[in-house]
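Fold and contact review
This is what each chain is made of:
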Amino acid sequence: MRDGHSPSAGGLGGPKRPGPPVGPLARAHRDLRILWWVNAVDGLGSQASGLVLPLLLLELGHGPGTAGSLAGVAALTGVVLGPLLAIPADRGRRRRLMTWSAALAALATGALALACLGRPALWVVVSLALAERLCAVAYEAASRGALVHLAAVEELPRAAAGMQMGDQVSLIAGPALGGALFQLARPVPFLADALTYMAVALGVRAVRTPLDTPVPVPAPGPVSVPPPRAPSGTGTDADADTGRRATWTDRLGTARAGVVTVAASPVLRLVLVWTSTAGGALTLLFYTALFRLGGDARSAAAGLVLAAAGAAGLVGSLVAAPVVRRLGAARLLTLAAWLLPIPCASLVWAHGAIGWGAAFAGLSLLVPLITVVLSSVAVACTPVALQSRTASVLGSASALAAASAPALAGFLVTAGNLRTPALLCTALFAALAVYTQLRAPAVLRAGAAAAHTTAGTGDGRG
(Lines give C-alpha, C1' and ligand atoms only; values in the text may rest on other atoms or scores of the structure.)
Protein backbone atom coordinates (compact mmCIF):
# COMPACT_ATOMS: atom_id res chain seq x y z
CA MET A 1 0.00 0.00 0.00
CA ARG A 2 5.99 6.89 -1.02
CA ASP A 3 12.24 15.79 0.49
CA GLY A 4 14.16 14.00 -1.94
CA HIS A 5 17.65 12.59 -1.51
CA SER A 6 19.92 10.38 -3.52
CA PRO A 7 19.59 6.60 -3.23
CA SER A 8 22.90 6.38 -1.43
CA ALA A 9 21.88 8.93 1.20
CA GLY A 10 18.85 6.92 2.23
CA GLY A 11 20.15 3.48 1.35
CA LEU A 12 17.70 2.97 -1.51
CA GLY A 13 18.86 0.32 -3.91
CA GLY A 14 17.80 -0.94 -7.30
CA PRO A 15 18.01 0.35 -10.87
CA LYS A 16 17.64 4.03 -11.47
CA ARG A 17 14.49 4.60 -13.48
CA PRO A 18 13.42 7.75 -15.30
CA GLY A 19 11.16 10.14 -13.42
CA PRO A 20 8.41 12.24 -14.93
CA PRO A 21 9.48 14.24 -18.00
CA VAL A 22 10.62 17.80 -17.38
CA GLY A 23 7.74 19.30 -19.39
CA PRO A 24 4.85 17.77 -17.42
CA LEU A 25 6.72 17.94 -14.09
CA ALA A 26 4.18 20.34 -12.54
CA ARG A 27 1.37 18.07 -13.72
CA ALA A 28 3.08 15.07 -12.13
CA HIS A 29 3.36 16.93 -8.82
CA ARG A 30 -0.33 17.84 -9.03
CA ASP A 31 -1.26 14.26 -9.81
CA LEU A 32 0.88 12.99 -6.94
CA ARG A 33 -1.09 15.25 -4.58
CA ILE A 34 -4.31 13.87 -6.06
CA LEU A 35 -3.05 10.34 -5.40
CA TRP A 36 -2.33 11.32 -1.80
CA TRP A 37 -5.86 12.66 -1.37
CA VAL A 38 -7.38 9.61 -3.05
CA ASN A 39 -5.41 7.35 -0.71
CA ALA A 40 -6.56 9.37 2.33
CA VAL A 41 -10.22 9.31 1.28
CA ASP A 42 -10.09 5.59 0.55
CA GLY A 43 -8.48 4.92 3.92
CA LEU A 44 -11.05 7.07 5.70
CA GLY A 45 -13.95 5.00 4.42
CA SER A 46 -12.15 1.69 4.93
CA GLN A 47 -11.20 2.51 8.52
CA ALA A 48 -14.73 3.62 9.35
CA SER A 49 -16.39 0.50 7.93
CA GLY A 50 -13.56 -1.78 9.13
CA LEU A 51 -14.33 -0.80 12.71
CA VAL A 52 -18.08 -1.05 12.22
CA LEU A 53 -18.34 -4.44 10.49
CA PRO A 54 -17.23 -6.49 13.54
CA LEU A 55 -19.46 -4.33 15.74
CA LEU A 56 -22.40 -4.97 13.39
CA LEU A 57 -21.90 -8.73 13.71
CA LEU A 58 -21.68 -8.45 17.48
CA GLU A 59 -24.90 -6.42 17.56
CA LEU A 60 -26.64 -9.01 15.37
CA GLY A 61 -25.88 -11.65 17.99
CA HIS A 62 -22.76 -13.26 16.54
CA GLY A 63 -19.68 -13.84 18.68
CA PRO A 64 -16.15 -12.41 18.33
CA GLY A 65 -15.05 -15.66 16.69
CA THR A 66 -17.49 -15.11 13.81
CA ALA A 67 -16.34 -11.55 13.31
CA GLY A 68 -12.70 -12.62 13.41
CA SER A 69 -13.28 -15.49 10.99
CA LEU A 70 -14.95 -13.16 8.48
CA ALA A 71 -11.94 -10.84 8.63
CA GLY A 72 -9.65 -13.84 8.09
CA VAL A 73 -11.58 -15.01 5.03
CA ALA A 74 -11.48 -11.49 3.60
CA ALA A 75 -7.70 -11.43 4.09
CA LEU A 76 -7.32 -14.79 2.34
CA THR A 77 -9.27 -13.39 -0.61
CA GLY A 78 -6.50 -10.86 -1.08
CA VAL A 79 -3.85 -13.57 -0.80
CA VAL A 80 -5.33 -15.61 -3.64
CA LEU A 81 -6.53 -12.90 -6.00
CA GLY A 82 -4.01 -10.08 -5.48
CA PRO A 83 -1.15 -11.41 -7.66
CA LEU A 84 -3.55 -12.45 -10.45
CA LEU A 85 -5.38 -9.11 -10.49
CA ALA A 86 -2.01 -7.33 -10.67
CA ILE A 87 -1.34 -8.79 -14.14
CA PRO A 88 -3.80 -6.59 -16.09
CA ALA A 89 -2.64 -3.62 -14.00
CA ASP A 90 0.97 -4.13 -15.14
CA ARG A 91 -0.20 -4.67 -18.74
CA GLY A 92 -1.80 -1.34 -19.51
CA ARG A 93 -5.09 -1.48 -17.60
CA ARG A 94 -4.12 0.13 -14.29
CA ARG A 95 -6.33 3.21 -14.55
CA ARG A 96 -9.39 1.27 -15.71
CA LEU A 97 -8.92 -1.35 -13.01
CA MET A 98 -8.58 1.28 -10.28
CA THR A 99 -11.64 3.20 -11.50
CA TRP A 100 -14.03 0.31 -11.99
CA SER A 101 -13.02 -1.58 -8.85
CA ALA A 102 -13.68 1.54 -6.76
CA ALA A 103 -17.06 2.04 -8.45
CA LEU A 104 -18.09 -1.59 -7.87
CA ALA A 105 -16.94 -1.41 -4.24
CA ALA A 106 -19.22 1.62 -3.85
CA LEU A 107 -22.09 -0.48 -5.19
CA ALA A 108 -21.39 -3.34 -2.76
CA THR A 109 -21.11 -1.11 0.31
CA GLY A 110 -24.21 0.82 -0.76
CA ALA A 111 -26.13 -2.46 -0.94
CA LEU A 112 -24.84 -3.35 2.53
CA ALA A 113 -26.10 -0.01 3.82
CA LEU A 114 -29.55 -0.77 2.41
CA ALA A 115 -29.50 -4.24 3.97
CA CYS A 116 -28.71 -2.72 7.37
CA LEU A 117 -32.01 -0.84 7.29
CA GLY A 118 -33.42 -4.13 8.56
CA ARG A 119 -31.82 -7.06 10.33
CA PRO A 120 -29.75 -8.75 7.60
CA ALA A 121 -28.95 -12.44 7.68
CA LEU A 122 -25.35 -13.48 8.18
CA TRP A 123 -24.98 -14.73 4.60
CA VAL A 124 -26.09 -11.32 3.26
CA VAL A 125 -23.51 -9.47 5.34
CA VAL A 126 -20.78 -11.96 4.44
CA SER A 127 -21.58 -11.89 0.71
CA LEU A 128 -21.61 -8.12 0.41
CA ALA A 129 -18.53 -7.73 2.63
CA LEU A 130 -16.57 -10.23 0.52
CA ALA A 131 -17.72 -8.53 -2.70
CA GLU A 132 -16.43 -5.22 -1.37
CA ARG A 133 -13.19 -6.93 -0.35
CA LEU A 134 -12.71 -8.40 -3.83
CA CYS A 135 -13.07 -4.95 -5.38
CA ALA A 136 -10.73 -3.49 -2.76
CA VAL A 137 -8.12 -6.14 -3.58
CA ALA A 138 -8.34 -5.25 -7.27
CA TYR A 139 -7.92 -1.56 -6.48
CA GLU A 140 -4.99 -2.17 -4.15
CA ALA A 141 -3.24 -4.42 -6.66
CA ALA A 142 -3.50 -1.76 -9.37
CA SER A 143 -2.73 1.26 -7.20
CA ARG A 144 0.53 -0.22 -5.90
CA GLY A 145 2.15 0.36 -9.29
CA ALA A 146 0.96 3.95 -9.71
CA LEU A 147 3.46 5.68 -7.46
CA VAL A 148 6.50 4.95 -9.63
CA HIS A 149 4.87 6.83 -12.53
CA LEU A 150 4.46 10.00 -10.46
CA ALA A 151 7.78 10.21 -8.56
CA ALA A 152 11.43 9.77 -9.45
CA VAL A 153 13.65 7.49 -7.34
CA GLU A 154 15.10 10.34 -5.27
CA GLU A 155 11.54 11.52 -4.48
CA LEU A 156 10.24 8.14 -3.32
CA PRO A 157 10.73 8.70 0.45
CA ARG A 158 8.74 11.95 0.23
CA ALA A 159 6.09 10.32 -1.94
CA ALA A 160 5.85 7.33 0.39
CA ALA A 161 5.61 9.65 3.39
CA GLY A 162 2.70 11.45 1.72
CA MET A 163 0.87 8.15 1.25
CA GLN A 164 1.61 7.20 4.84
CA MET A 165 0.28 10.55 6.10
CA GLY A 166 -2.99 9.83 4.32
CA ASP A 167 -3.15 6.45 6.03
CA GLN A 168 -2.55 8.01 9.42
CA VAL A 169 -5.12 10.78 8.88
CA SER A 170 -7.66 8.09 8.06
CA LEU A 171 -6.67 6.24 11.23
CA ILE A 172 -7.34 9.40 13.23
CA ALA A 173 -10.70 10.27 11.73
CA GLY A 174 -11.93 6.91 10.43
CA PRO A 175 -12.47 4.84 13.61
CA ALA A 176 -13.95 7.74 15.58
CA LEU A 177 -16.18 8.64 12.63
CA GLY A 178 -17.24 5.03 12.16
CA GLY A 179 -18.09 4.60 15.83
CA ALA A 180 -20.04 7.86 15.93
CA LEU A 181 -21.98 7.09 12.73
CA PHE A 182 -22.76 3.58 13.96
CA GLN A 183 -24.34 5.11 17.06
CA LEU A 184 -26.61 7.19 14.81
CA ALA A 185 -27.78 4.30 12.66
CA ARG A 186 -26.32 1.04 11.39
CA PRO A 187 -26.48 1.90 7.65
CA VAL A 188 -24.78 5.32 7.94
CA PRO A 189 -21.08 4.24 8.12
CA PHE A 190 -21.51 1.89 5.14
CA LEU A 191 -23.20 4.65 3.16
CA ALA A 192 -20.26 6.93 3.98
CA ASP A 193 -17.87 4.21 2.77
CA ALA A 194 -19.78 3.97 -0.51
CA LEU A 195 -19.46 7.73 -1.01
CA THR A 196 -15.70 7.59 -0.38
CA TYR A 197 -15.34 4.83 -2.98
CA MET A 198 -17.14 7.01 -5.51
CA ALA A 199 -14.80 9.92 -4.64
CA VAL A 200 -11.84 7.57 -5.20
CA ALA A 201 -13.09 6.59 -8.65
CA LEU A 202 -13.52 10.25 -9.63
CA GLY A 203 -10.08 11.11 -8.21
CA VAL A 204 -8.37 8.43 -10.27
CA ARG A 205 -10.08 9.77 -13.37
CA ALA A 206 -8.73 13.25 -12.54
CA VAL A 207 -5.09 12.06 -12.70
CA ARG A 208 -3.67 13.10 -16.07
CA THR A 209 -0.19 11.56 -15.89
CA PRO A 210 -0.16 8.14 -17.62
CA LEU A 211 -0.37 5.43 -14.97
CA ASP A 212 0.11 2.47 -17.28
CA THR A 213 3.40 0.92 -18.37
CA PRO A 214 3.50 1.04 -22.18
CA VAL A 215 3.08 -2.36 -23.81
CA PRO A 216 5.40 -3.01 -26.78
CA VAL A 217 3.55 -3.11 -30.10
CA PRO A 218 4.94 -4.99 -33.12
CA ALA A 219 6.22 -2.79 -35.95
CA PRO A 220 3.76 -2.48 -38.87
CA GLY A 221 4.48 -4.30 -42.07
CA PRO A 222 3.90 -7.68 -43.73
CA VAL A 223 5.13 -10.72 -41.86
CA SER A 224 5.13 -14.26 -43.11
CA VAL A 225 5.30 -15.96 -39.75
CA PRO A 226 4.01 -14.95 -36.33
CA PRO A 227 6.54 -13.08 -34.20
CA PRO A 228 8.15 -15.10 -31.41
CA ARG A 229 6.37 -15.30 -28.10
CA ALA A 230 7.73 -12.98 -25.42
CA PRO A 231 9.20 -14.68 -22.34
CA SER A 232 6.74 -15.09 -19.48
CA GLY A 233 6.81 -12.33 -16.92
CA THR A 234 8.57 -9.68 -19.00
CA GLY A 235 5.60 -7.35 -18.86
CA THR A 236 4.70 -7.68 -22.56
CA ASP A 237 1.22 -8.76 -23.54
CA ALA A 238 1.27 -12.10 -25.30
CA ASP A 239 -2.17 -11.48 -26.75
CA ALA A 240 -1.07 -8.23 -28.40
CA ASP A 241 2.23 -9.60 -29.68
CA THR A 242 1.13 -12.99 -31.04
CA GLY A 243 -2.54 -12.51 -31.76
CA ARG A 244 -3.46 -15.64 -29.78
CA ARG A 245 -5.39 -16.04 -26.58
CA ALA A 246 -3.26 -16.40 -23.48
CA THR A 247 -3.70 -19.73 -21.66
CA TRP A 248 -3.95 -20.21 -17.92
CA THR A 249 -0.35 -21.43 -18.03
CA ASP A 250 0.64 -18.08 -19.54
CA ARG A 251 -1.26 -16.17 -16.85
CA LEU A 252 0.18 -18.20 -13.99
CA GLY A 253 3.67 -17.84 -15.45
CA THR A 254 3.20 -14.11 -15.69
CA ALA A 255 1.96 -13.93 -12.10
CA ARG A 256 4.99 -15.99 -11.04
CA ALA A 257 7.27 -13.17 -12.24
CA GLY A 258 6.43 -11.22 -9.10
CA VAL A 259 7.41 -14.16 -6.90
CA VAL A 260 10.67 -14.60 -8.81
CA THR A 261 11.49 -10.90 -8.46
CA VAL A 262 10.98 -10.99 -4.69
CA ALA A 263 12.94 -14.22 -4.30
CA ALA A 264 15.89 -12.86 -6.29
CA SER A 265 16.21 -9.57 -4.41
CA PRO A 266 17.73 -9.49 -0.89
CA VAL A 267 16.11 -6.09 -0.32
CA LEU A 268 12.64 -7.36 -1.24
CA ARG A 269 13.17 -10.45 0.91
CA LEU A 270 13.88 -8.12 3.83
CA VAL A 271 10.66 -6.24 3.06
CA LEU A 272 8.81 -9.57 2.85
CA VAL A 273 9.95 -10.67 6.31
CA TRP A 274 9.01 -7.33 7.83
CA THR A 275 5.60 -6.98 6.20
CA SER A 276 4.51 -10.53 6.96
CA THR A 277 5.76 -10.72 10.57
CA ALA A 278 4.89 -7.19 11.67
CA GLY A 279 1.62 -7.21 9.71
CA GLY A 280 0.40 -10.35 11.46
CA ALA A 281 1.42 -9.08 14.90
CA LEU A 282 -0.19 -5.67 14.45
CA THR A 283 -3.41 -7.25 13.14
CA LEU A 284 -3.56 -9.49 16.19
CA LEU A 285 -3.12 -6.50 18.49
CA PHE A 286 -5.70 -4.45 16.58
CA TYR A 287 -8.45 -7.05 16.87
CA THR A 288 -7.55 -7.79 20.48
CA ALA A 289 -8.02 -4.10 21.28
CA LEU A 290 -11.22 -3.94 19.23
CA PHE A 291 -12.84 -6.90 20.96
CA ARG A 292 -11.58 -5.80 24.38
CA LEU A 293 -12.83 -2.22 24.10
CA GLY A 294 -15.81 -2.64 21.77
CA GLY A 295 -17.42 -5.82 23.00
CA ASP A 296 -19.66 -4.10 25.52
CA ALA A 297 -21.15 -1.44 23.21
CA ARG A 298 -18.26 0.98 23.88
CA SER A 299 -17.59 1.37 20.15
CA ALA A 300 -16.96 5.10 20.58
CA ALA A 301 -14.23 4.36 23.14
CA ALA A 302 -12.59 1.86 20.77
CA GLY A 303 -12.72 4.40 17.98
CA LEU A 304 -11.16 7.11 20.11
CA VAL A 305 -8.32 4.80 21.19
CA LEU A 306 -7.55 3.96 17.57
CA ALA A 307 -7.85 7.64 16.64
CA ALA A 308 -5.23 8.53 19.30
CA ALA A 309 -2.96 5.89 17.78
CA GLY A 310 -3.58 7.44 14.38
CA ALA A 311 -2.57 10.86 15.69
CA ALA A 312 0.75 9.45 16.91
CA GLY A 313 1.17 7.75 13.53
CA LEU A 314 0.60 11.07 11.78
CA VAL A 315 3.48 12.57 13.75
CA GLY A 316 5.65 9.65 12.68
CA SER A 317 4.66 10.15 9.05
CA LEU A 318 5.43 13.88 9.17
CA VAL A 319 8.97 13.32 10.44
CA ALA A 320 9.69 10.15 8.44
CA ALA A 321 11.20 11.69 5.29
CA PRO A 322 13.51 14.13 7.17
CA VAL A 323 14.62 11.36 9.53
CA VAL A 324 15.38 9.01 6.63
CA ARG A 325 17.44 11.76 5.02
CA ARG A 326 19.35 12.40 8.27
CA LEU A 327 19.93 8.86 9.55
CA GLY A 328 19.70 6.77 6.40
CA ALA A 329 17.32 3.88 5.74
CA ALA A 330 19.37 1.11 7.38
CA ARG A 331 20.08 2.98 10.62
CA LEU A 332 16.51 4.19 10.98
CA LEU A 333 15.05 0.75 10.30
CA THR A 334 17.35 -0.88 12.86
CA LEU A 335 16.66 1.74 15.52
CA ALA A 336 12.90 1.56 15.07
CA ALA A 337 13.03 -2.24 15.15
CA TRP A 338 14.68 -2.24 18.58
CA LEU A 339 12.23 0.33 19.96
CA LEU A 340 9.10 -1.48 18.72
CA PRO A 341 8.96 -4.21 21.44
CA ILE A 342 8.81 -1.59 24.24
CA PRO A 343 5.24 -0.26 23.67
CA CYS A 344 4.09 -3.74 22.72
CA ALA A 345 5.30 -5.18 26.04
CA SER A 346 3.48 -2.41 27.91
CA LEU A 347 0.17 -3.94 26.74
CA VAL A 348 0.77 -6.79 29.17
CA TRP A 349 0.07 -4.40 32.04
CA ALA A 350 -2.35 -2.05 30.25
CA HIS A 351 -5.85 -1.67 31.67
CA GLY A 352 -8.72 0.23 30.08
CA ALA A 353 -8.81 2.62 27.18
CA ILE A 354 -6.07 4.92 28.51
CA GLY A 355 -3.48 2.15 28.85
CA TRP A 356 -4.30 0.60 25.48
CA GLY A 357 -4.35 4.00 23.82
CA ALA A 358 -0.91 4.95 25.18
CA ALA A 359 0.63 1.64 24.05
CA PHE A 360 -0.95 1.87 20.60
CA ALA A 361 0.29 5.46 20.30
CA GLY A 362 3.84 4.25 20.93
CA LEU A 363 3.51 1.54 18.30
CA SER A 364 1.91 3.94 15.84
CA LEU A 365 4.69 6.50 16.27
CA LEU A 366 7.30 3.96 15.14
CA VAL A 367 5.44 2.02 12.44
CA PRO A 368 5.28 4.89 9.86
CA LEU A 369 9.06 5.32 10.06
CA ILE A 370 9.46 1.65 9.17
CA THR A 371 6.75 1.76 6.52
CA VAL A 372 8.30 4.72 4.68
CA VAL A 373 11.69 2.98 4.56
CA LEU A 374 10.24 -0.32 3.36
CA SER A 375 7.91 1.29 0.79
CA SER A 376 10.74 3.37 -0.66
CA VAL A 377 13.20 0.52 -1.04
CA ALA A 378 10.53 -1.82 -2.42
CA VAL A 379 9.53 0.61 -5.19
CA ALA A 380 13.15 1.52 -5.94
CA CYS A 381 14.23 -2.12 -6.28
CA THR A 382 11.35 -3.29 -8.47
CA PRO A 383 11.34 -3.05 -12.29
CA VAL A 384 8.69 -0.65 -13.58
CA ALA A 385 6.80 -3.32 -15.52
CA LEU A 386 6.53 -5.56 -12.43
CA GLN A 387 5.48 -3.00 -9.82
CA SER A 388 1.93 -4.26 -9.23
CA ARG A 389 2.81 -7.95 -9.37
CA THR A 390 5.74 -7.64 -6.98
CA ALA A 391 3.79 -5.43 -4.57
CA SER A 392 0.88 -7.89 -4.70
CA VAL A 393 3.19 -10.73 -3.73
CA LEU A 394 4.40 -8.71 -0.75
CA GLY A 395 0.83 -7.75 0.12
CA SER A 396 -0.40 -11.33 -0.20
CA ALA A 397 2.35 -12.60 2.10
CA SER A 398 1.38 -9.98 4.68
CA ALA A 399 -2.32 -10.82 4.32
CA LEU A 400 -1.60 -14.55 4.65
CA ALA A 401 0.33 -13.94 7.86
CA ALA A 402 -2.50 -11.74 9.15
CA ALA A 403 -5.35 -14.02 8.02
CA SER A 404 -5.40 -16.10 11.19
CA ALA A 405 -4.86 -13.13 13.51
CA PRO A 406 -8.52 -11.97 13.74
CA ALA A 407 -9.81 -15.44 14.56
CA LEU A 408 -6.98 -15.93 17.07
CA ALA A 409 -7.79 -12.60 18.68
CA GLY A 410 -11.45 -13.58 18.92
CA PHE A 411 -10.52 -16.87 20.56
CA LEU A 412 -8.21 -15.21 23.08
CA VAL A 413 -10.77 -12.55 23.96
CA THR A 414 -13.46 -15.20 24.40
CA ALA A 415 -11.13 -17.22 26.62
CA GLY A 416 -10.43 -14.10 28.65
CA ASN A 417 -6.62 -14.15 28.29
CA LEU A 418 -5.69 -10.67 27.11
CA ARG A 419 -1.98 -10.88 28.01
CA THR A 420 -1.15 -13.75 25.66
CA PRO A 421 -1.34 -11.79 22.37
CA ALA A 422 0.78 -8.98 23.85
CA LEU A 423 3.45 -11.45 25.00
CA LEU A 424 3.41 -13.25 21.65
CA CYS A 425 3.74 -10.02 19.66
CA THR A 426 6.53 -8.74 21.91
CA ALA A 427 8.50 -11.92 21.24
CA LEU A 428 7.90 -11.57 17.48
CA PHE A 429 9.05 -7.94 17.45
CA ALA A 430 12.18 -8.83 19.47
CA ALA A 431 13.06 -11.57 16.97
CA LEU A 432 12.44 -9.14 14.11
CA ALA A 433 14.81 -6.61 15.72
CA VAL A 434 17.58 -9.24 15.91
CA TYR A 435 17.01 -10.21 12.27
CA THR A 436 17.08 -6.56 11.20
CA GLN A 437 20.29 -5.89 13.12
CA LEU A 438 21.98 -8.81 11.37
CA ARG A 439 20.62 -8.34 7.86
CA ALA A 440 19.42 -4.80 7.11
CA PRO A 441 22.72 -2.83 7.06
CA ALA A 442 24.47 -5.15 4.60
CA VAL A 443 21.39 -5.65 2.44
CA LEU A 444 20.60 -1.96 2.07
CA ARG A 445 24.28 -1.07 1.45
CA ALA A 446 24.34 -3.64 -1.35
CA GLY A 447 21.20 -2.09 -2.79
CA ALA A 448 22.80 1.36 -2.71
CA ALA A 449 25.91 -0.02 -4.44
CA ALA A 450 23.72 -1.48 -7.18
CA ALA A 451 22.15 1.93 -7.67
CA HIS A 452 25.60 3.50 -8.14
CA THR A 453 26.55 0.81 -10.66
CA THR A 454 23.47 1.34 -12.81
CA ALA A 455 23.28 5.14 -12.41
CA GLY A 456 22.82 6.86 -15.72
CA THR A 457 22.03 3.64 -17.60
CA GLY A 458 18.31 3.44 -16.72
CA ASP A 459 16.51 0.13 -16.49
CA GLY A 460 15.85 -0.40 -20.11
CA ARG A 461 12.26 0.82 -19.98
CA GLY A 462 10.78 3.90 -21.48
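Residues numbered from 1 in each chain as written. Predicted model: local features only at pLDDT ≥ 70, side-chain atom pairs only at ≥ 80, totals over all residues. Heavy atoms only, no water.

What follows covers the overall build of the protein chain. Across its full length, the protein chain carries 16 helices and 0 strands. Looking at the 462 residues of the protein chain, the share that counts as buried comes to 53%. As presented, the protein chain carries roughly 19100 Å² of accessible surface, and 69% of it is formed by carbon and sulfur atoms. (Helix = DSSP H or I, 4+ residues; strand = E, 2+ residues; numbered from the N terminus. Buried < 20%, exposed > 50% of the residue type's maximum accessible area, 1.4 Å probe, protein only. Areas by Shrake-Rupley, 256 points an atom, 1.4 Å probe, with all protein chains shown as cover.)

Mapping Asp-42 onto the fold places it in helix H2 (residues 25-59). Although Asp-42 is buried, it makes no salt bridge; Arg-133 carries the closest opposite charge, 8.7 Å away. Contact partners of Asp-42, with chain neighbours within four places excluded, come to Tyr-139, Tyr-197 and Val-200. (Lys, Arg positive; Asp, Glu negative; His and termini not counted. Salt bridge = Lys/Arg side-chain N within 4 Å of Asp/Glu carboxyl O. Contact = heavy atoms within 4.5 Å.)

Moving on, we come to a nonpolar patch on the surface. Residues Val-315, Leu-318, Val-319 and Leu-365 make up a contiguous nonpolar surface patch of roughly 320 Å² in combined accessible area. The dominant element in the nonpolar patch, judged by the number of residues it contributes, is helix H10 (residues 299-327), at 3 residues. Tracing the chain through its elements places Val-315 in helix H10. (Patch = residues over 30% accessible without salt bridge, like charges linked within 9 Å, V, L, I, M, F, W, Y side chains within 5 Å.)

Further remarks concern helix H6 (residues 187-206). End to end, H6 covers 29 Å across 20 residues, agreeing with the expected 28 Å (1.5 Å per residue, within 8%). Residues Pro-187, Pro-189, Phe-190, Asp-193, Ala-194, Thr-196, Tyr-197, Val-200, Ala-201, Gly-203 and Val-204 constitute the buried set of H6. (Expected span 1.5 Å × (residues − 1).)

Quick look at the packing of helix H11 (residues 329-339) against helix H13 (residues 352-380) now. It is at 9 Å that the axes of H11 and H13 come closest, and there the two elements cross at 145°. Of the two possible hands of crossing, H11 and H13 adopt the one that is left-handed. Residues Ala-329, Leu-332, Leu-333, Ala-336 and Leu-339 of H11 pack against Leu-366, Leu-369, Ile-370, Val-373 and Leu-374 of H13. (Axes fitted to C-alpha atoms, helices over the stretch in contact; angles between N-to-C directions. Left-handed = near helix turned anticlockwise from the far one by under 90°.)

Once that is clear, we can look at the pattern of salt bridges. In the structure shown here, the tally under the stated rule is 1 salt bridge. For Arg-30, the salt bridge goes to Asp-31, with nearest N and O atoms at 2.5 Å.

Attention shifts here to the packing of helix H4 (residues 122-143) against H6. Relative orientation of the contacting elements H4 and H6 amounts to 25°, with a least axis distance of 13 Å. Of the possible angle classes, the one that applies to H4 and H6 is roughly parallel. Here H4 and H6 pass one another in a crossing that is left-handed. Between H4 and H6, the residues in contact are Glu-132, Ala-136 and Tyr-139 and Asp-193, Tyr-197, Val-200 and Val-204, respectively. Residues belonging to the contact of H4 with H6 are distributed by class as follows: 5 nonpolar, no polar and 2 charged. (Parallel < 35°, antiparallel > 145°, perpendicular 65-115°, else oblique. Nonpolar A, V, L, I, M, F, W, Y, C, P; charged D, E, K, R; others polar.)

A few words on the nonpolar core. By size, the foremost hydrophobic cluster in this structure holds 73 residues, and its most contacted members are Trp-274 and Phe-429. Setting aside residues up to four positions removed in sequence, Phe-429 forms contacts with Ala-278, Ala-281, Leu-282, Leu-285, Ala-337, Leu-340, Pro-341, Cys-344 and Leu-363. (Core = buried A, V, L, I, M, F, W, Y, C linked by side-chain atoms within 4.5 Å.)

Moving on to the confidence of the model for the protein chain. In this model, the protein chain carries a mean pLDDT of 74, and residues with pLDDT of at least 70 account for 74%. Counting interchain partners and residues more than four positions distant, the pLDDT-below-50 stretch residues 216-243 has 35 contacts. Counting contacts from residues 454-462, a segment whose pLDDT is below 50, to residues more than four positions away or on other chains yields 17 contacts. (pLDDT = per-residue confidence, 0-100.)

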